[in-house]
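So the chains spell out like this:
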Amino acid sequence: QVRVVESGGGLVQPGGSLRLSCVASGRTFSNYAMGWFRQAPGKEREFVAAINHIGASTSYADSVKGRFAISRDNAKNTVYLQMNSLKPEDTAVYYCAAASTFYYVTRAYEYDYWGQGTQVTVSS
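Criteria and cut-off values
- Residues numbered from 1 in each chain as written.
- Predicted model: local features only at pLDDT ≥ 70, side-chain atom pairs only at ≥ 80, totals over all residues.
- Heavy atoms only, no water.
- Salt bridge = Lys/Arg side-chain N within 4 Å of Asp/Glu carboxyl O.
- Buried < 20%, exposed > 50% of the residue type's maximum accessible area, 1.4 Å probe, protein only.
- Core = buried A, V, L, I, M, F, W, Y, C linked by side-chain atoms within 4.5 Å.
- Helix = DSSP H or I, 4+ residues; strand = E, 2+ residues; numbered from the N terminus.
- Contact = heavy atoms within 4.5 Å.

1. Some thoughts on the pattern of salt bridges
All told, the structure shown has four salt bridges when counted by the stated rule. Linking Lys 65 and Asp 62 is a salt bridge whose minimum nitrogen-to-oxygen distance equals 3.1 Å. Across this residue pair, the class does not change: Lys 65 and Asp 62 are exposed. Through salt bridges with shared partners, a single ionic network connects Arg 38, Glu 46, Arg 67 and Asp 90.

2. Describing the nonpolar core
Within soluble globular proteins, side chains that are nonpolar tend to cluster in buried spots. Residues Met 34, Trp 36, Leu 81, Met 83 and Tyr 94 are the most contacted members of the largest nonpolar core, which totals 38 residues. Among the secondary structure elements, those contributing two or more residues to this core are strand E3 (18-24), strand E4 (33-39), strand E5 (46-51), strand E7 (68-73), strand E8 (78-83), strand E9 (92-99) and strand E11 (118-122). Looking at this core element by element, the count peaks at six residues for E9. Not counting residues up to four positions away in its chain, the partners in contact with Tyr 94 are Glu 6, Leu 20, Trp 36, Phe 37, Arg 38, Val 48, Phe 68, Leu 81, Met 83, Gly 117, Thr 118 and Val 120.

These values are about where atoms sit, not about what they do.
Listed below in structure tokens is the structure:
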């Protein structure tokens, strides 16, 4: 079983930035595509960004395109989500997930392992 742990959430003002980190266990991290999802209270879990196993390909939700960037460092078993120009509507619990595929995937059901989530709050 792959353990996934997110960190880096917090409170930030609109227009500010945060960088989330996600550390995954195991020596086969490079076999997994990784993704970020978010869920606001009363709403469905929403795709945010995904990256293939070596970081060569990425995908973003339209709502975050141009503002967020996903990256990975396989030597550190870590994936990142750089969030810039944050808006109040970005407020949510952000989840990191691992999928048993080389190619990036964008549906929650395509992911096999999930972190516990980290809260991001964008407010004045």
